[in-house]
Amino acid sequence: SRGNNPTVMEFEARVAALEGAEAARGLSSGMAAISATVLAFVGAGERIVAMRNCYGDAYRLFERFLPRMNIQVDYVDGSDADAVTAALPGAKLLHLESPTSMMFELQDLEALTKLAKAQGIVTTIDNSYATPLFQKPILHGVDLVLHSASKYLGGHSDTVAGVVAGSAENIARINQQTYSFLGAKLSPFEAWLLLRGM
């Protein structure tokens with residue numbers, strides 16, 4: 001049951017279908033999804049551009065843990081395309097969150113992902129608040145969509161889980177680079193609770 005359990009795989013397939021993605025990977029929390037994704041695509045000495053007012057624990061990951069790996073994170077107002085444009089050169093990853101936590105600031109996803117793609121920068125987004133019902137970031141060019149499945153996907157406040165969805169190639173990279181090693185695999189029972197909620 002480590003990873004490719006049938007119940008977990010069913011949950012992953014349903015999230016991928018909802019998001020319009022090729023594949024998904026379920027994890028034991030939303031932060032596990034963020035950590036596994038970021039660390040699969042960003043290495044020592046590299047840089048991330050993130051939206052200001054991002055989720056509190058994501059901010060703490062960026063500020064407390066990543067500096068120990070010499071990874072720099074610069075924060076921008078995602079509604080200011082000029083500020084994002086100025087921050088992107090040399091970045092490895094653009095982390096979006098629309099709406100952002102607490103402040104509910106929005107970004108023009110299509111415009112920002114075009115800016116990132118022009119420079120070969122991977123884009124991620126925390127889509128926990130909007131859910132695939134109200135926003136499908138992959139249709140706007142985002143590479144990887146993250147969820148705290150504990151919230152609206154689960155819907156009953158009785159489970160903790162996370163998920164990341166994207167291309168089969170990007171999910172394979174997460175599987176190879178971080179998923180197996182961080183110890184944050186989704187249990188079959190939690191996946192069952194998520195399927196019930198969805």
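Because the structure is predicted, anything quoted here is derived from the model rather than measured.

1. Describing the sheet that holds strand 5 (residues 122–126)
No. 1: Read from one edge of the open sheet, 7 strands run 1-7-6-5-4-2-3, paired in mixed fashion. The open sheet has two edge strands with one neighbour each: strand 1 (23–27) and strand 3 (72–76). Sheet twist, expressed as the average angle between the axes of neighbouring strands with direction ignored, equals 20°.
No. 2: As judged from the 5 bridges shared by strand 4 (residues 93–97) and strand 5, these two strands associate in the parallel manner. Bridge pairing in strand 5 links Glu-97 to Asp-126.
No. 3: Lying on the sheet, helix 2 (residues 30–41) is in contact with strand 1, strand 2 (47–51), strand 4, strand 5, strand 6 (144–148) and strand 7 (162–166); it crosses strand 6 at an angle near 155°.
No. 4: Taken strand by strand, helix 3 (residues 56–65) contacts strand 2, strand 3 and strand 4, and its axis lies near 140° from that of strand 3.

2. Observations concerning the pairing of strand 4
In regular strands, side chains alternate between the two faces of the sheet.
No. 1: Most of strand 4 sits inside the fold, with 5 of its 5 residues counted as buried.
No. 2: Residues Leu-93, His-95 and Glu-97 point to one face of strand 4 and Leu-94 and Leu-96 to the other, with burial holding for every one of them.
No. 3: As defined by bridge partners, strand 2 adjoins strand 4 across 3 bridges and the pair is classed as parallel. If you follow Val-49 over to strand 4, its bridge partner there is Leu-94.
No. 4: Once you follow strand 4 into helix 5 (residues 109–117) and on to strand 5, the crossover reads as right-handed.

3. Some points on the packing of aromatic side chains
We describe a pair of aromatic rings using the distance from one ring centre to the other and the angle between the two ring planes.
No. 1: The final tally for this structure, using the stated rule, is 3 aromatic pairs.
No. 2: Arranged with centres 5.4 Å apart and planes meeting at 45°, the rings of Tyr-59 and Tyr-75 form a pair that is tilted. Of this pair, Tyr-59 sits in helix 3 while Tyr-75 is found in strand 3, placing the two residues 16 residues apart along the sequence.
No. 3: Given the relative accessible area of 40%, Tyr-59 is considered partly exposed.
No. 4: Lying across the ring of Tyr-179, Arg-25 places its NZ or CZ 4.1 Å from the centre.

4. Here we look at the layout of surface pockets
A water-sized probe rolled over the atoms picks out the places where empty space is left.
No. 1: Quantified by volume, the largest pocket comes out at close to 230 Å³.
No. 2: Along the wall of the largest pocket there are 18 residues; nearest its centre are Tyr-55, Asp-126, Ser-128, Ser-148 and Lys-151.
No. 3: Elements with a contribution of two residues or more to the lining of the largest pocket: helix 2 and strand 6.
No. 4: Grouping the constituent residues of the lining of the largest pocket by class yields 7 nonpolar, 7 polar and 4 charged.
No. 5: For the second largest pocket, the full set of lining residues is Leu-18, Thr-131, Pro-132, Leu-133, Tyr-152, Leu-153, Gly-197 and Met-198.
No. 6: Among the elements that line the lining of the second largest pocket, the one with the most residues is helix 6 (residues 131–134), at 3 residues.
No. 7: In the lining of the second largest pocket, the residues fall into 6 nonpolar, 2 polar and no charged.

About the cut-offs
In this numbering scheme, every chain counts its residues from 1 along its sequence in written order. Per-residue local features of the predicted model are confined to residues with pLDDT of at least 70, and side-chain atom pairs are confined, for both listing and counting, to 80 or more; whole-chain, interface and lining totals are unaffected and use all residues. Remark: hydrogens and water are excluded; side-chain values derive from all non-hydrogen atoms of the structure. In this analysis, strands are considered paired if DSSP registers two or more bridges between them. Secondary structure elements are defined from DSSP: runs of H or I of at least 4 residues count as helices, runs of E of at least 2 residues count as strands, and each element is numbered from the N terminus. Only the contacting stretch of a helix is used when fitting its axis, a line to C-alpha atoms as for every element, and angles between N-to-C directions run 0 to 180 degrees. Residues count as neighbours in contact if any of their non-hydrogen atoms are within 4.5 Å of one another. We call a residue buried when its accessible area falls under 20% of the maximum for its residue type, exposed when it is over 50%, and partly exposed in between, using a 1.4 Å probe and counting protein chains only. The crossover handedness rule: strands pointing away from the viewer, path from first strand over the helix to second strand clockwise, crossover right-handed. Note on aromatic pairs: the rings of Phe, Tyr and Trp (six-membered ring only in Trp) are paired at centre separations within 6.5 Å, and the planes decide the class, stacked below 30 degrees, edge-to-face beyond 60, tilted for the rest. Comment: the charge-over-ring label is applied if NZ (Lys) or CZ (Arg) is within 6 Å of the ring centre and within 35 degrees of the ring normal. Whether a set of points on the 1 Å grid over the protein atoms alone is a cavity depends on a 1.4 Å probe fitting there but being unable to get out, while an open set qualifies as a pocket with protein on both sides within 12 Å along at least five of seven lines; lining residues are those with an atom within 4 Å of a point. Grid points are joined across faces, edges and corners, and a volume is the space filled by probe spheres set on the points. Think of it as three bins: nonpolar holds Ala, Val, Leu, Ile, Met, Phe, Trp, Tyr, Cys and Pro, charged holds Asp, Glu, Lys and Arg, and polar takes everything else, Gly as well.

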